[in-house]
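# Observations on the model geometry
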Amino acid sequence: MCIMSDSKLLIENICNDMASGNWDKHWAEDAYMIRPSGNPLTLEQNNLMRASNDIVITKEEMVKINSVEIMGDVATACFTVHQMFNYKGTENNDISVVLAIFKKIDNVWKMITGSRSQGRSPDVEMPSFP
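Described below are features of the structure shown in this document. (Residues numbered from 1 in each chain as written. Predicted model: local features only at pLDDT ≥ 70, side-chain atom pairs only at ≥ 80, totals over all residues. Heavy atoms only, no water.)

### Examining the pairing of strand S6 (residues 108-116)
Put simply, the rule is: Whether two strands pair depends on DSSP finding at least two bridges between them. Helix and strand definitions here come from DSSP, where helices need a minimum of 4 consecutive H or I residues and strands a minimum of 2 consecutive E residues; each element is numbered from the N-terminal end.
One ladder, built from four bridges, connects strand S1 (residues 27-34) with S6; its direction is parallel. Bridging from a neighbouring strand, Ile 34 pairs with Ser 115 of S6. Relative to S6, strand S5 (residues 90-105) is paired through eight bridges, and the arrangement is antiparallel. Opposite Ile 101, over in S6, you have Thr 113 as the bridge partner. A loop of two residues connects S5 with S6, the two strands running antiparallel in sequence, and Asp 106 in this loop sits at a positive phi of about 50 degrees.

### Some details on the packing of aromatic side chains
Our working rule: Pairing of aromatic side chains here covers Phe, Tyr and the six-membered ring of Trp, requires ring centres within 6.5 Å, and sorts the geometry by plane angle: under 30 degrees stacked, over 60 edge-to-face, intermediate tilted. Relative accessibility decides the category of a residue: with a 1.4 Å probe and only protein chains considered, values under 20% of the type maximum give buried, values over 50% give exposed, and everything between is partly exposed.
Evaluation of the coordinates by the stated rule reveals one aromatic pair. Ring geometry for Trp 23 versus Phe 79: centroids 6.2 Å apart, planes at 25 degrees, classification stacked. One end of the pair, Trp 23, is in the loop between helix H1 (3-19) and S1; the other, Phe 79, is in strand S4 (residues 74-87), and 56 residues separate them in sequence. The buried category is assigned to Trp 23, whose relative accessible area is 6%. With a relative accessible area of 0%, Phe 79 lands in the buried category.

### Quick notes on the sheet that holds S1
Using the following cut-off: Here the axes come from fitting lines to C-alpha atoms, over the contacting stretch only for helices, and the angles between their N-to-C directions go from 0 to 180 degrees. Any two residues having at least one pair of non-hydrogen atoms within 4.5 Å are treated as being in contact.
Read from one edge to the other, the open sheet built from six strands follows the order S2-S1-S6-S5-S4-S3, with strand pairing classed as mixed. The sheet is open, and its two edges are formed by strand S2 (40-42) and strand S3 (55-71), each paired on a single side. Averaged over all pairs of adjacent strands, the angle between their axes in this sheet comes to 25 degrees, without regard to strand direction. Relative to S4, S3 is paired through 14 bridges, and the arrangement is antiparallel. Residue pairing for S4: Glu 69 is matched across the bridge by Thr 76. In the packing of helix H2 (residues 43-51) onto the sheet, contacts are made with S1, S2, S3 and S4, and the angle to S2 comes to roughly 80 degrees.

This is the structure in structure tokens:
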């Protein structure tokens, strides 16, 4: 197997792990996600939010990896996730698209920035990627 294929498989495994709720271990220092509101979310803020009593997460899973592109020590990944959670008493059942930018730091792929789309109901047509 070539190095690029190994890296692509590794990025796909990281995306699957993130989609299942293990976001924090894949964030680089000083990384952030752009929330649907447009505001950045740091790793510390993400961990505080997840530890808060305001949110109860009942489901986090990968729907589909839409693309992975690797350019040396930088990679992009676009994937669709399904998350079900209660936030301050409001039930959410969201399909969202995540775009993550990774950089190989000390030979480990870490997310350096990313964004998450606004959630949509699983009952509406899924996003389609070429």
